[in-house]
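The primary structure of each chain is shown beneath.
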Amino acid sequence: MRMIFMGPPGAGKGTQAAVVAEKYGIPAISTGDIFRANVGEGTPLGLEAKRYMDAGEYVPDSVTNNMVRDRLAQPDAEPGFLLDGYPRTLAQVEELDGMLAASGASLDAVVVLTVDSEELVQRLLKRAETSGRSDDTEEVIRHRQDVYTEQTAPLIDVYRDRGLLLEVDGLGEVTEVSERIFTALDGVSRG
């Protein structure tokens, strides 16, 4: 199974990606986690990424594309993967299409978690209190939502037109949302 998880910041993509990837026995590949690991280690990539992340901006495509290409080439991603946080722009969709075509693979599904925007702001503010994430101020959270709407939401139409889109209500307990995702994925044929 090769899939993408999409949704605005705070929709629960990371939490659900881990649950779904475990069920299907595939790696959950999160660009955010990879960036945060690099930030934590103080690598040059991490320092560059932190500048953008702290401002609520996306890390440039060139950096992100190379990182994803390298990660998808790892042996554990050969039978399938779940991408969380990529692609985020139309240019990244084209880049991913090229990566998949080069390996003779294709996407099976694109899961979009839908959540009310005010609910998301409250979730992220709560996460900021409990995890100490410097990039989770209300101003940055609202800016990230605007960036998502402007740059990433158009991807939903692309994947809808390709017949890959599965929209899932992201509100509720983790297990409830997981069950909704599994139900949606049950109808997907694997390519």
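In this text the structure is predicted, and so the values were computed from the model without any measurement. (Residues numbered from 1 in each chain as written. Predicted model: local features only at pLDDT ≥ 70, side-chain atom pairs only at ≥ 80, totals over all residues. Heavy atoms only, no water.)

**Q** Which parts of the structure should I look at to understand the overall build of the protein?
**A** Within the protein, the secondary structure is distributed over eight helices and five strands. Reading the helices (α) and strands (β) of the protein from amino to carboxyl end gives β-α-β-α-α-α-β-α-β-α-α-β-α. In terms of overall size, the protein behaves like a compact globule, its C-alpha atoms giving a radius of gyration of 16 Å where 191 residues would be expected to give roughly 16 Å. Projected onto its principal axes, the C-alpha coordinates of the protein cover approximately 40 × 35 × 30 Å. When each of the 191 residues of the protein is scored for burial, the buried share is 47%. Contacts spanning at least 24 positions in sequence make up 72% of the contacts within the protein whose residues lie at least 6 apart. Carbon and sulfur atoms provide 50% of the accessible area of the protein, an area that totals close to 9400 Å². (Helix = DSSP H or I, 4+ residues; strand = E, 2+ residues; numbered from the N terminus. Rg over C-alpha atoms; globule rule 2.2 N^0.38 Å. Buried < 20%, exposed > 50% of the residue type's maximum accessible area, 1.4 Å probe, protein only. Contact = heavy atoms within 4.5 Å. Areas by Shrake-Rupley, 256 points an atom, 1.4 Å probe, with all protein chains shown as cover.)

**Q** How should I be thinking about the packing of helix H6 (residues 117–131) against helix H7 (residues 138–161) in this particular structure?
**A** When two helices pack together, their arrangement is captured by the angle between the axes and the distance separating the axes. It is the contact of H6 with H7, at a shortest axis distance of 10 Å, that shows an interaxial angle of 135 degrees. Regarding the angle of H6 to H7, the classification is oblique. Along this stretch, H6 crosses H7, giving a crossing that reads as right-handed. The segment H6 lies against H7, with Ser-117, Glu-118, Leu-120, Val-121, Leu-124, Leu-125 and Arg-127 engaging Glu-138, Ile-141, Arg-142, Arg-144 and Gln-145. Classifying every residue of the contact of H6 with H7 gives five nonpolar, two polar and five charged. (Axes fitted to C-alpha atoms, helices over the stretch in contact; angles between N-to-C directions. Parallel < 35°, antiparallel > 145°, perpendicular 65-115°, else oblique. Left-handed = near helix turned anticlockwise from the far one by under 90°. Nonpolar A, V, L, I, M, F, W, Y, C, P; charged D, E, K, R; others polar.)

**Q** Explain helix H8 (residues 174–186) here, please?
**A** End to end, H8 covers 18 Å across 13 residues, agreeing with the expected 18 Å (1.5 Å per residue, within 8%). Restricting attention to buried positions, one finds in H8 the residues Val-177, Ser-178, Ile-181, Phe-182 and Leu-185. The buried residues of H8 all sit within an arc of 140 degrees when viewed along its axis, so they share a single face. For H8, exposure combined with an orientation more than 90 degrees from the buried face picks out Thr-183 and Asp-186. (Expected span 1.5 Å × (residues − 1). Arc of directions from axis to C-beta.)

**Q** Even after reading the chapter, I still don't get the packing of helix H1 (residues 13–24) against H8, so can you show me in this structure?
**A** Viewed as axis vectors pointing N to C, H1 and H8 meet at an angle of 50 degrees, and their least axial separation amounts to 10 Å. The orientation of H1 relative to H8 falls into the category oblique. In this structure, the crossing between H1 and H8 has a hand that is right-handed. Two secondary-structure elements touch here, H1 through Thr-15, Gln-16, Val-19, Val-20, Lys-23 and Tyr-24 and H8 through Val-174, Val-177, Ser-178, Ile-181, Phe-182 and Leu-185. Looking at the contact of H1 with H8 residue by residue, the class counts come to eight nonpolar, three polar and one charged.

**Q** Sorry, what's going on with the side chain of Gln-145 here?
**A** Mapped onto the secondary structure, Gln-145 falls in helix H7. The contact partners of Gln-145, leaving out residues within four places of it in the chain, are Ser-117, Leu-120 and Val-121.

**Q** So what exactly am I meant to see when it comes to the nonpolar core here?
**A** Generally speaking, soluble globular proteins have nonpolar side chains that are buried together. Counting residues in hydrophobic clusters, the biggest one holds 31 residues, and the most contacted among them are Leu-83, Leu-96, Leu-107, Val-110 and Tyr-159. Those elements that provide at least two residues to this core are strand E1 (2–6), helix H3 (44–54), helix H4 (61–72), strand E3 (81–84), helix H5 (90–103), strand E4 (109–114) and H7. For this core, the element with the most residues is H7, which contributes five residues. Look past the residues within four positions of Leu-96 in its chain and what remains in contact with it is Ile-4, Leu-72, Leu-83, Tyr-86, Pro-87, Leu-107 and Tyr-159. Counting residues in each nonpolar core, the second largest holds 22 residues, with Leu-82, Ala-109, Val-177 and Phe-182 among its members. (Core = buried A, V, L, I, M, F, W, Y, C linked by side-chain atoms within 4.5 Å.)

**Q** Whenever I open this one, the sheet that holds E4 confuses me. Can you help?
**A** Paired through their backbone hydrogen bonds, the strands of a sheet run either parallel or antiparallel. Spatial strand order, E2-E3-E1-E4-E5: five strands in an open sheet with parallel pairing. In the strand order of this sheet, the two ends are held by strand E2 (28–30) and strand E5 (165–169), each with one partner. Put simply, the sheet's adjacent strands are angled 25 degrees from each other on average, direction ignored. Two strands pair when backbone bridges link them, and E1 and E3 are joined in this way by four bridges, in the parallel orientation. Paired with Met-3 across the bridge in E3 is Leu-82. Along the sheet, H7 makes contact with E1, E4 and E5, crossing E1 at roughly 140 degrees. (Pairing = 2+ DSSP bridges.)

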